[in-house]
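Residue-level structural notes
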Amino acid sequence: QVYLVESGGGLVQAGGSLTLSCTASTSGRTLKSYAMGWFRQAPGKERELVARINWGGVSKTYSDAVKGRLTISEDNTKETVTLQMNSLKPEDTAVYYCNARYSDPAHPLSYGLDYWGKGTLVTVSS
């Protein structure tokens, strides 16, 4: 089990910045076995990937919509994942969710299993 708690959402004007944080805790296995990510879902739309990072920062992936504006990072000591959001646009308005995906092939019964936070709302005004 992985428990994820997001924070940092709020209201910001277009062109502004915001930082989202995800605090992770787990039992049974270390967070090194998980890839961490940020997803978002706007009203009436499907949830989409924003950014993903494997614990340790070896590999990062961004959607084309946010590449160059948003940056994902992790702090292994604090066991947190951060999404730094710059040059925000109204179309970035959405509920942002933290995600943990089990990524250790040594345990195939758990491989690919997703865990989610409850989300934090980001609203970008024009």
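Up top is the structure these notes are about.
Report follows, based on the coordinates. (Residues numbered from 1 in each chain as written. Predicted model: local features only at pLDDT ≥ 70, side-chain atom pairs only at ≥ 80, totals over all residues. Heavy atoms only, no water.)

1. Let's talk about the side chain of R69
On the secondary structure map, R69 appears in the loop between β6 (60-62) and β7 (70-75). Here A65 takes part through its backbone oxygen, which lies 2.9 Å from a polar atom of the side chain of R69. There is a polar contact of 2.8 Å between the side chain of R69 and the side chain of D92. (Helix = DSSP H or I, 4+ residues; strand = E, 2+ residues; numbered from the N terminus. Polar contact = N/O pair within 3.5 Å; in protein donor to acceptor, adjacent residues only side chain to side chain.)

2. Section: the state of the cysteines
Applying the stated criterion to the full structure yields one disulfide. Here C22 connects covalently by a disulfide to C98, the sulfurs 2.0 Å from one another. The chirality of the disulfide connecting C22 with C98 is left-handed, given an S-S dihedral of about -80°. Pair noted here: C22 is in strand β3 (residues 18-26) and C98 is in strand β9 (residues 94-102), with a separation of 76 residues, a long-range link. For C98, a relative accessible area of 0% gives the class buried. (Disulfide = S-S within 2.5 Å. Buried < 20%, exposed > 50% of the residue type's maximum accessible area, 1.4 Å probe, protein only.)

3. Describing the nonpolar core
Among the nonpolar cores identified, the biggest contains 31 residues, and M36, W38, L83, M85 and Y96 are the most heavily contacted of them. Where this core is concerned, the elements lending two or more residues are β1 (2-7), β3, β4 (34-41), β5 (48-54), β7, β8 (80-85), β9 and β11 (120-125). Sorting elements by how many residues they give to this core places β9 first, with five residues. (Core = buried A, V, L, I, M, F, W, Y, C linked by side-chain atoms within 4.5 Å.)

4. Description of the pattern of salt bridges
Scanning the model with the defined rule gives five salt bridges in all. A salt bridge links D92 to R69, with the nearest nitrogen and oxygen atoms 2.8 Å apart. With D92 in the loop between β8 and β9 and R69 in the loop between β6 and β7, this pair connects stretches of sequence that are 23 residues apart. Between D114 and R101 there is a salt bridge, with the nearest N and O atoms lying 2.9 Å from each other. Residue D114 is located in strand β10 (residues 114-116), and its partner R101 is located in strand β9; the two are separated by 13 residues in the primary sequence. Judged by its relative accessible area of 27%, D114 is partly exposed. Assessed through its relative accessible area of 33%, R101 is described here as partly exposed. What you see here is one network of salt bridges that share partners, running through R40, E48, R69 and D92. (Salt bridge = Lys/Arg side-chain N within 4 Å of Asp/Glu carboxyl O.)

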